[in-house]
Amino acid sequence: MRDARRMVERFHDAGRKVTPQRVAVVEIICSSTTHPTADMVFADAHRRLRVISQRTVYQVLTDLCDLGEIQCLNIGSGAARFDPNNDRHQHLLCDRCGQLIDIYLDLDGLLDESFEGFRASHADVVLRGTCRTCADDRGARRRAPSRADSH
Ligand SMILES: [Zn+2]
Ligand SMILES: [Zn+2]
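If you're wondering where the values come from, they're calculated on a predicted model, not measured in any experiment.

S.K.: Whenever I open this one, the overall build of the protein confuses me. Can you help?
M.R.: Counting its regular elements, the protein contains six helices and seven strands. From first element to last, N terminus to C terminus, the protein shows the α and β order α-α-α-α-β-β-β-β-α-β-β-β-α. Over its C-alpha trace the protein gives a radius of gyration of 20 Å, far above what one expects of a compact globule, namely 15 Å for 151 residues. Buried residues in the protein amount to 19% of all 151 residues. A separation of at least 24 residues holds for 46% of the contacts in the protein among residues at least 6 apart in sequence.

Set out below in structure tokens:
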């Protein structure tokens, strides 16, 4: 989990005011492990503060990305997802529930290679599939006897 206080200090260092709205968004994003969308962060911030606009939440998230404090992930599945994990890592994406899970793959060997003259500098790998919860759900439904089948 990231240190929310230090992230808030970055606003101060960048010459910006430390407002309750900024603090709330930072605390939410620092304590999240789900790679929330801006709408999810807004819902949470609104529950805490009441007086916060969607626009403010978007702006704080954009500022944090600009400051290099969080990552904005465009994984091609709708809204951008925000990630406080700044360690180099990759993601597993569940096609059913949209859950995004951190994984650490060793891609250094791949990046050292030259592909017909093309030199790779970094890799954003997203492995798509079904998470354990969704796979279990499906299995349970298939095993459950249904009334329609019983006659
Ligand atoms: Zn899932
Ligand atoms: Zn991540």
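The discussion continues.
S.K.: Any chance you could explain the packing of helix 3 (residues 38-49) against helix 4 (residues 54-66) here in plain terms?
M.R.: Working note: a packed helix pair is described by the angle between its axes plus the distance between those axes. Interaxial distance between helix 3 and helix 4 falls to 9 Å at its minimum, and their mutual angle equals 120°. One element, helix 3, and the other, helix 4, form an angle in the oblique class. Where helix 3 crosses over helix 4, the two elements pack in a sense that is right-handed. In contact with Ala 38, Val 41, Phe 42 and Ala 45 of helix 3, helix 4 contributes Gln 54, Val 57, Tyr 58 and Leu 61. Classifying every residue of the contact of helix 3 with helix 4 gives seven nonpolar, one polar and no charged.

S.K.: Got a minute to help me understand the environment of Asn 86 in this structure?
M.R.: Positionally, Asn 86 belongs in the loop between strand 2 (81-83) and strand 3 (90-94). Of the residues examined, Asn 86 has 11 C-beta atoms within 10 Å and is grouped as exposed. Separated by 73 residues in sequence, Asn 86 and Asp 13 have C-alpha atoms that sit 19 Å apart.

S.K.: When you look at helix 3 in this model, what are you seeing that I'm missing?
M.R.: Quick reminder: α-helices carry 3.6 residues per turn. Residues three or four places apart thus point the same way. Compared with the 16 Å implied by 1.5 Å per residue over 12 residues, the 16 Å span of helix 3 between its first and last C-alpha is a close match. Every buried residue belonging to helix 3 is among Ala 38, Val 41, Phe 42 and Ala 45, and all of these are buried. The arc that holds every buried residue of helix 3, seen down its axis, measures 100°, which confines them to one face. In helix 3, the exposed positions angled more than 90 degrees off the buried face are occupied by Asp 39 and Arg 47.

S.K.: Help me out: how do you make sense of the pairing of strand 3 in this one?
M.R.: In regular strands, side chains alternate between the two faces of the sheet. Residues His 91 and Leu 93 of strand 3 are buried on one face, while the alternating residues Gln 90, Leu 92 and Cys 94, pointing to the opposite face, are not. Examined bridge by bridge, strand 3 and strand 4 (residues 100-103) share four bridges and lie antiparallel to one another. What sits directly across from Leu 93, in strand 4, is Leu 100. Judged from the four bridges that link them, strand 3 and strand 7 (residues 126-129) form a sheet pairing that is parallel. The partner of Leu 93 across the bridge, within strand 7, is Arg 128.

S.K.: Mind showing me how you'd approach the sheet that holds strand 7 here?
M.R.: Whenever strands of a sheet pair, they do so through backbone hydrogen bonds, lying parallel or antiparallel. In space, the three strands of this open sheet follow the order 4-3-7, with mixed pairing throughout. Edge strands, defined here as strands with exactly one partner in the open sheet, are strand 4 and strand 7. Averaged over neighbouring strand pairs, the angle between their axes works out to 25° when direction is ignored.

S.K.: What exactly am I supposed to notice about the domain arrangement of the protein here?
M.R.: As a measure of interface size, the accessible area lost when the parts come together is often cited. Each assigned domain of the protein is listed here: domain 1 (4-73) and domain 2 (87-145). Computed over C-alpha atoms, the centres of domain 1 and domain 2 are 26 Å apart.

Rules and cut-offs
- Residues numbered from 1 in each chain as written.
- Chains lettered and ligands numbered in written order.
- Predicted model: local features only at pLDDT ≥ 70, side-chain atom pairs only at ≥ 80, totals over all residues.
- Helix = DSSP H or I, 4+ residues; strand = E, 2+ residues; numbered from the N terminus.
- Rg over C-alpha atoms; globule rule 2.2 N^0.38 Å.
- Buried ≥ 20, exposed ≤ 12 C-beta atoms within 10 Å, placed from the backbone.
- Contact = placed C-beta atoms within 7 Å.
- Axes fitted to C-alpha atoms, helices over the stretch in contact; angles between N-to-C directions.
- Parallel < 35°, antiparallel > 145°, perpendicular 65-115°, else oblique.
- Left-handed = near helix turned anticlockwise from the far one by under 90°.
- Nonpolar A, V, L, I, M, F, W, Y, C, P; charged D, E, K, R; others polar.
- Expected span 1.5 Å × (residues − 1).
- Arc of directions from axis to C-beta.
- Pairing = 2+ DSSP bridges.
- Domains from an automatic or database assignment.

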